[in-house]
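Observations on chain architecture
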Amino acid sequence: MPFFLHDGRIHVFLHVPKAAGTTIEDALSRRFGPLGLFHPPHFSAPPRLRWSRTSPQHVTADDLLKLVPREMIASSFAVVRHPVDRVISAYHHLNGYQRLPVGLSLEAWFRHYAALAPSHPFAFDNHLRPQTDFLLDDTKVFRLEDGLAPVLDHVEATFGPVPAGGPAPADEPDAPHLNAAREADPRGAELDDQSLTPAFLAELRAFYAAEFDRFAYDIPAGKAWSYRRPRLSAGARPIARLALYRAGVATRRLAAGGSPRTPKLLLRAGAQLW
């Protein structure tokens, strides 16, 4: 959770993953200089050398308070996003970084996460963690759908103007990954447009019920959501199926309670999922 000092007091931007956090952090770093609890190259180190299970900017509010006493935090603000759009963005982001098996559908991926979330709460760098987990009780909350102007107005009114340059468009953090996937996926994958079914949308509504209610989001009847699912060419497909099968076996065994071999299976076959 990036924080900065103003008039000698700590103020925190509670970064909800996949909700324009990178854009806001860029604006804050221009205004305040280097941010605390902010280390984008966190995952460039091998797992055994990382100091935390998630990147520092993606810690939850509870974990933040383990590091920074509540009494030291003068204020906090956050940007949230429609839960369905956020899940789709996370799926595209991870595929852009080749962290999911080619061919794994968004629905199968999310259901693996939902089944394992109680025992693997930090999965995927908290990208699918409920947004309410990132907020303090008095956090000033903005919705991404309302644009970033209100966020910048809040920063300027509270701390002074942001230096010239201005933030990027709200969707820019995702754009490089999505464009790269469209043009030349290094795995040789093509992309198919897939629609989310009403049944799956209902699953998302139930899983993220607290944020749907707290932030006044809904799923209008008849609204369609789609995503881009990578697939390999016919000649490479057996490899993709094998990777998907092994990852599925590992995650299903974990979901069923695990076995002595589960950690090795996960490391050998499905480590990229976690």
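Structure report, in brief. The shown structure was predicted, so the numbers you read here are calculated from the model rather than taken from an experiment.

1. Thoughts on the sheet that holds strand β3 (residues 73-80)
- On the basis of which strands lie adjacent, the open sheet formed by four strands has the order β1-β2-β3-β4 and mixed pairing. Only two strands of the sheet have a single partner each, and these edge strands are β1 (3-6) and β4 (140-143). Averaged over all neighbouring strand pairs, the angle between strand axes comes to 20°, with direction disregarded.
- Alignment of β1 against strand β2 (residues 9-14), held across four bridges, turns out to be antiparallel. Residue pairing in the sheet places H6 in a bridge with R9 of β2.
- Contacting β1, β2 and β3, helix α1 (residues 21-32) runs over the sheet at an angle of about 30° to β1.
- In the packing of helix α5 (residues 149-159) onto the sheet, contacts are made with β1, β2, β3 and β4, and the angle to β3 comes to roughly 165°.

2. Quick notes on the pattern of salt bridges
- One pass over the structure, following the stated rule, counts nine salt bridges.
- Note that D146 and R143 form a salt bridge whose closest N and O atoms lie 3.8 Å from each other.
- The partner of D213 in a salt bridge is R205, and the shortest N-O contact between them spans 3.0 Å.
- Judged by its relative accessible area of 29%, R205 is partly exposed.
- Taken together, the shared-partner salt bridges in this structure form one network comprising R70, D137 and D138.

3. A word on the nonpolar core
- In this structure, L64, L106, W109, L128 and L196 are the most contacted members of the largest nonpolar core, which totals 43 residues.
- Contributing elements (two or more residues each) for this core: β2, α2 (61-67), β3, α3 (83-96), α4 (106-116) and α7 (198-207).
- Broken down by element, this core gets its largest block of residues, six residues, from α3.
- In this structure, F13, L28, F32 and V79 belong to the second largest nonpolar core, which totals 15 residues.

Conventions and cut-offs
- Residues numbered from 1 in each chain as written.
- Predicted model: local features only at pLDDT ≥ 70, side-chain atom pairs only at ≥ 80, totals over all residues.
- Heavy atoms only, no water.
- Pairing = 2+ DSSP bridges.
- Helix = DSSP H or I, 4+ residues; strand = E, 2+ residues; numbered from the N terminus.
- Axes fitted to C-alpha atoms, helices over the stretch in contact; angles between N-to-C directions.
- Contact = heavy atoms within 4.5 Å.
- Salt bridge = Lys/Arg side-chain N within 4 Å of Asp/Glu carboxyl O.
- Buried < 20%, exposed > 50% of the residue type's maximum accessible area, 1.4 Å probe, protein only.
- Core = buried A, V, L, I, M, F, W, Y, C linked by side-chain atoms within 4.5 Å.

Geometric values such as these leave the question of function open.
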